[in-house]
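Overview (structure and organization)
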Amino acid sequence: APNINVANVRAHLNQFQSIATANGGNRAHGRPGYLASVNWVKSKLDAAGYRTAVQSFSYGGATGYNLTAEWPVGDANNVVMVGGHLDSVTAGPGINDNGTGSASILEVALQVAATNFQPTKRIRFGWWGAEERGLIGSTYYVNQLPSADRSKIKAYLNFDMTGSPNPGYFVYSASGQPSGSAALQQRLQAGFTSFGVQTELTSVGGRSDHAAFARAGIPIGGTFTGAEGIKTSAQAQKWGGTAGQAYDRCYHRSCDTTSNVNATALDRNADVIAYALWATAV
Ligand code: PHE
Ligand code: ZN
Ligand code: ZN
Ligand code: ZN
């Protein structure tokens, strides 16, 4: 797998920040900054040779959008999906939540293209709308898929908040999670181990877009650097940062800007996304 250049991921985050700033300070469902985010990500993927699709749905009196992008190589009956939500809350630009996951999977997608990756499986990326309103876009996507297409998805990897400023290194726990996959959990853990990073398992339950895939029986996994939870002193010893403070003090606030990102956590997670995708898609 390629090592992901974090400078490229940060450049994408700057784009999301600019889009928010130009559109009333957020990228929320039903606000112009959301569709501008979709259009910008789509343009990068189209230029790289992806087959993109925008799916619209209606929620709360507004139109929402999911963006998907398929790399047209490999067995279309054997699909590996990688996704994250592209919307923010209305309070702010949503750069850690979830510009980080969105920008990281975009950069991984661009590296799939740049390296002309020829996986045996089909790779499909998803940027979901209206996660912040209750996992609306990802749930719509899964529910709209014909059951024959749903059963072709062999894995779904979710990335929501991967650059928290006081980061933890959490991998979604396979146990206690409907459809939690031990294989995907172990692959993500192995990625961090290969970069010398210790991890903990976390029970994310229904808190992000993997939940819709899990309910449909699709094996899921993911990583997370923490939200409103408080870093313990044991965690600060192994990961650095500040004990007794939230992983992300700007979670769902106006201060979730490009200043609210730990570049090391962002880089390590992006590298792990590539590691896990390359391992899963062959
Ligand atoms: N989905 C939550 C949000 O967007 C963040 C979160 C992600 C929480 C993963 C727990 C686990 O606000
Ligand atoms: Zn890297
Ligand atoms: Zn959120
Ligand atoms: Zn989120």
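Just so it is clear, the structure is predicted and the values come from calculations on it, not from any experiment.

Along its length, the protein chain carries nine helices and eight strands. Relative to the globule expectation of 19 Å for 282 residues, the C-alpha radius of gyration of the protein chain, 17 Å, shows essentially globular dimensions. Its C-alpha atoms give the protein chain principal-axis dimensions of roughly 50 × 40 × 35 Å. Across the 282 residues that make up the protein chain, the buried fraction comes to 55%.

Moving on, we come to the packing of helix α6 (residues 182-194) against helix α9 (residues 263-280). Orientation of α6 relative to α9, taken along the N-to-C sense of each, is 130°, at an axis distance of 9 Å. In terms of axis orientation, α6 runs oblique to α9. Relative to α9, the crossing made by α6 is right-handed. Taken together, the residues of α9 that come into contact with α6 (itself represented by Arg 187, Leu 188, Gly 191, Phe 192 and Ser 194) are Val 272, Tyr 275, Ala 276, Ala 279 and Thr 280.

All right, on to helix α3 (residues 95-114) then. Buried residues dominate α3, accounting for 17 of its 20 residues. At the C-terminal side of α3, Asn 116 shows a positive phi close to 50°.

Turning our eyes to something else, we now look at the environment of Ala 114. For Ala 114, the position within the fold is in helix α3. For the pair Ala 114 and Gly 49, spaced 65 residues apart in the sequence, the C-alpha separation amounts to 9.8 Å.

Conventions adopted
Once a new chain begins, its residue numbering starts again from 1 and follows that chain's sequence as written. All chains are assigned letters beginning with A, and all ligands numbers beginning with 1, in the order in which they are written. Only residues with pLDDT of at least 70 are given local features in this predicted model, and only at 80 or more are side-chain atom pairs given and counted; all residues enter the totals for whole chains, interfaces and linings. Secondary structure elements are defined from DSSP: runs of H or I of at least 4 residues count as helices, runs of E of at least 2 residues count as strands, and each element is numbered from the N terminus. This radius of gyration counts C-alpha atoms alone. The globule rule is 2.2 Å times how many residues there are, raised to the power 0.38. Each residue is classified by how many other C-beta atoms fall within 10 Å of its C-beta atom, where C-beta atoms are placed from the backbone; a count of 20 or more means buried, 12 or fewer means exposed, and values in between mean partly exposed. Fitting a line to C-alpha atoms yields each axis, with helices limited to the stretch in contact; the angle taken between N-to-C directions then spans 0 to 180 degrees. Note on angle classes: values under 35 degrees are labelled roughly parallel, values over 145 roughly antiparallel, values of 65 to 115 roughly perpendicular, and the remainder oblique. Should the near helix be turned anticlockwise from the far one by less than a right angle, the crossing is left-handed, and should it be turned clockwise, the crossing is right-handed. In this description, any two residues whose backbone-derived C-beta atoms lie within 7 Å of each other are considered to be in contact.

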